[in-house]
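Geometric and topological summary
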Number of protein chains: 2
Amino acid sequence: MQTPLTEELGIRYPIIQAGMVWTSGWKLAVASARAGALGLIGAGSMKPDLLREHLRKAKATEVSATIGVNIPLIRGDVNELIRVILEEGIKIIFTSAGDPKVHAQKFKDAGCFLVHVVANVKHALKAEAAGCDAVVAEGFEAGGHNGVDEITTLCLIPQVVDAVKIPVIAAGGIADGRQMLAAFALGAQAVQIGTRFAATIESSSHSNYKQAIVDADDNSTVLTLKKIAPVRLKKNIFALGAMNAAAHGATKEEEIELLGKKREMRGIFEGDLENGELEMGQSSGLVKEILSAEDVVKRLLSEYQQAKEKIDTLRIEN
Amino acid sequence: MQTPLTEELGIRYPIIQAGMVWTSGWKLAVASARAGALGLIGAGSMKPDLLREHLRKAKATEVSATIGVNIPLIRGDVNELIRVILEEGIKIIFTSAGDPKVHAQKFKDAGCFLVHVVANVKHALKAEAAGCDAVVAEGFEAGGHNGVDEITTLCLIPQVVDAVKIPVIAAGGIADGRQMLAAFALGAQAVQIGTRFAATIESSSHSNYKQAIVDADDNSTVLTLKKIAPVRLKKNIFALGAMNAAAHGATKEEEIELLGKKREMRGIFEGDLENGELEMGQSSGLVKEILSAEDVVKRLLSEYQQAKEKIDTLRIEN
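Residues numbered from 1 in each chain as written. Chains lettered and ligands numbered in written order. Predicted model: local features only at pLDDT ≥ 70, side-chain atom pairs only at ≥ 80, totals over all residues.

**Quick word on the sheet that holds strand β7 (residues 144-145) of chain B**
All names here are of chain B. Here is the rule we go by: Should DSSP find at least two bridges between two strands, the strands are taken to pair. Helix and strand assignments come from DSSP, with helices taken as H or I runs of at least 4 residues and strands as E runs of at least 2, each series counted from the N terminus. Any residue pair is listed as a contact if its two C-beta atoms, each placed from the backbone, are within 7 Å. Angles here are taken between N-to-C directions and fall from 0 to 180 degrees, while the axes themselves are lines fitted to C-alpha atoms, restricted in helices to the stretch in contact.
The antiparallel open sheet is built from three strands, whose spatial order is β7-β11-β10. Of all strands in the sheet, those with a lone pairing partner are β7 and β10 (221-224), marking the two edges. Relative to strand β11 (residues 231-234), β7 runs antiparallel, the two sharing two bridges. Note on β11: the bridge partner recorded for G144 is R232. Across the sheet, helix α11 (residues 237-247) is in contact with β10 and β11; its angle to β10 comes to roughly 45 degrees.

**Some remarks on the relation of the copies chain B and chain A**
Heads up, the rule is: Superposition of the copies used a least-squares fit over C-alpha atoms from residues whose pLDDT is at least 70 in both.
Between chain B and chain A, the superposition needs a rotation of 180 degrees and an axial shift of 0.0 Å, giving an RMSD of 0.0 Å. Such values leave the two copies arranged in the relation of a two-fold axis. Residue by residue, 98% of the interface of chain B is reproduced at the interface of chain A, so both copies engage with the same surface.

**Focus on the environment of I256(A)**
Residues and elements named next belong to chain A. Where we set the bar: Buried means a residue has 20 or more other C-beta atoms within 10 Å of its own C-beta, exposed means 12 or fewer, and partly exposed covers the counts in between; C-beta atoms are placed from the backbone.
Within the secondary structure, I256 sits in helix α12 (residues 252-259). What makes I256 partly exposed here is the crowd of 13 C-beta atoms within 10 Å. Sequence separation of I256 and K234 is 22 residues, and the distance between their C-alpha atoms is 19 Å.

**Here we look at the pairing of strand β9 (residues 190-193) of chain A**
Residue and element names in this part refer to chain A. Burial of β9 is two-sided: the residues A190 and Q192 facing one way and the residues V191 and I193 facing the other way are all buried. Here strand β1 (residues 15-17) runs beside β9; their pairing, made up of three bridges, is parallel. In the sheet register, Q17 faces β9, and the bridge partner there is I193. The pairing of strand β8 (residues 168-171) with β9 spans three bridges and is classified as parallel. The residue bridging A171 from the neighbouring strand is Q192, located in β9.

**A word on the confidence of the model for chain A**
Our working rule: Scored from 0 to 100, pLDDT reflects the predictor's confidence in each residue.
Per-residue pLDDT for chain A has a mean of 97; in total, 99% of the residues score no lower than 70. Overall fold confidence (pTM) sits at 0.98, and the ipTM for the predicted complex is 0.97.

**Focus on the nonpolar core**
We apply this condition: A set of buried Ala, Val, Leu, Ile, Met, Phe, Trp, Tyr and Cys residues, joined through C-beta atoms within 7 Å, is what we mean by a nonpolar core. Domain extents, as shown, originate in an automatic or database domain assignment.
If you look at the biggest cluster of nonpolar residues, it comprises 220 residues, and the most contacted ones within it are V135(A), I169(A), V191(A), V135(B), I169(B) and V191(B). In terms of residue count, helix α14 (residues 293-312) of chain B provides more of this core than any other element does, eight residues in total. Residue-level mapping places this core at the junction of two domains, with at least three residues from each of domain 1 (13-205 + 289-312) and domain 2 (207-282) of chain A. In this structure I169(B) touches I16(B), V115(B), A134(B), V135(B), V136(B), A188(B), Q189(B), A190(B), V191(B) and Q192(B), once residues within four positions along its chain are discounted.

**Quick look at the interface of chain B and chain A**
Let me state the cut-off plainly: Residue classes follow a fixed rule: Ala, Val, Leu, Ile, Met, Phe, Trp, Tyr, Cys and Pro count as nonpolar, while Asp, Glu, Lys and Arg count as charged, and any other residue, Gly among them, counts as polar.
Counting residues at the interface gives 45 residues for chain B and 44 residues for chain A. In terms of residue class, the side of chain B that touches chain A is made up of 21 nonpolar, 16 polar and eight charged.

**Re the sheet that holds strand β11 (residues 231-234) of chain A**
For sheets, the rule is that strands pair by backbone hydrogen bonds, running either parallel or antiparallel. Strand order across the open sheet formed by three strands is β7-β11-β10 (chain A), with antiparallel pairing between neighbours. Both outer strands of the open sheet, β7 (144-145) and β10 (221-224) of chain A, are each paired with one neighbouring strand and no more.

**Side note on the packing of helix α11 (residues 237-247) of chain A against α12(A)**
Residues and elements named next belong to chain A. As a reminder, the rule being used: Orientation labels follow simple angle bins: below 35 degrees gives roughly parallel, above 145 gives roughly antiparallel, 65 to 115 gives roughly perpendicular, and whatever is left gives oblique. In this scheme, a crossing is called left-handed if the near helix is turned counterclockwise away from the far one by less than a right angle; it is called right-handed if the turn is clockwise.
The contact between α11 and α12 brings their axes to 11 Å, and the two run at 165 degrees. In terms of orientation, α11 lies roughly antiparallel with respect to α12. Between α11 and α12 the crossing geometry is right-handed. Residues G241, A242 and A245 of α11 touch α12, and the partners they reach there are E254, E255 and L258. Of the residues assigned to the contact of α11 with α12, the class counts are three nonpolar, one polar and two charged.

Below is the structure:
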């Protein structure tokens, strides 16, 4: 199942397992790569030394060529993280949360394939101008940190596809093969999937968190903390408190105080279901069981195939 | 291009022109029906006598069988509107903004095909239980009045399709044929399209408003007035003021005062681009010109066909 993008990345299927905090270490990335997807290690929750350890473990496997890393550019120690990534010879880089222009040249000089995550057309054009080889266009329904513009995947993908010449990867709200087919209908060349892979056996997140994804329904998440940086969370005591504070006009400073420290770790890695941040997308309502990464890829493909056969029966008669 | 739903509705294409305030009178509905779509007259901005006039004009045409009416159930004079609709013998009814159960029996007794608009799985199940023949599942990206749950079309459609046995019509954010194909990939049996039809020659809205849709980009709209009833508007002086008030914790009473009276009419019908409500969806960024309803339908079909041919080239190799 090849697109120009899959050929460039050397992956068998146009599926990218998203780099997520506290979730996608080398184990998940390697399992995803073995299943034919691109596996991304999420540097967002790793100190430079830990990131190096994960990169080395991934590099020691037979699928090292289809392992990449996601790095949030707002990290205070971003330059150190980049140094580690380049020293370890990683060639597939996804950047998010920041301006790719500042760091693009370093990656390009090292021969990396550089992808930046965007949430509107303007930033897609900027990423293209900065020399990125592709963009991830991520919609409002995505879990975790999100753009401020609240543009949904259905509306964002075709507008980004029309605006840029580089390949567009669809992200936000995609957990099954029907949605994957929808993303290709919109013009995407691959899908980046987070929440569905967060609830896999190989995900390093806490089992409580994985089960919280499985237990979610269509209406279980909310985008909140919009005055700091919007983040989509499962509604729990913490998230409902943040919503309530916002409804009463909480300031940025009050939101920062409410958030406190290490809530992502508490929720995702330590499994605190009420007071941690449980980052997940609206697609969590479609995740019904914890599977292996391999089974996730297999299901995506078979669901895709089924949906495709169904729409093949719809013909326009002139 | 037939689905079980199009066969029941007697329409040539699985396209429904949404019933919208100040926009979709008999002229637009008839033009849409002549193009092979279902044309809906929007009762939301009509007094009973005016509604009767529009229904009679539509009934006098050769396409009367594929004209329906959309009626917001929260209207104070809803019973009077329903009486007019039943007296005029209209057989296709779309209800929104309220509980369909209260009125369903009247429509069923009259032999109507009854469709209710929902924005989450729970309300879809309730509509099915109330005897509705289909549901419109409308996502967060839709223009105008919207659900409180903020579930996007991409995530909502497959979850509603999995939950109910009746046909699901996708709405919210759909303006082109790629998105129509995406909706079918997700399991919808038809699409309901608002904004794209609001910017047609036959739309009764003001030319300023139509042009405001054409001028919109990906990031031009916002969902606001969430404490009264969430509504998606183009960002203008009024909408930005409402956003700012919400950020500062405006109460429901303050939002009601801010809204005042007749803002929808001012924006959509009178063309006040700064102080009126300019209801439009995120799909407005995809609308590049004012066309006839017939050309909208033709383009949707040709874009659908093109997108379909493109995904036909993507094959899964095992």
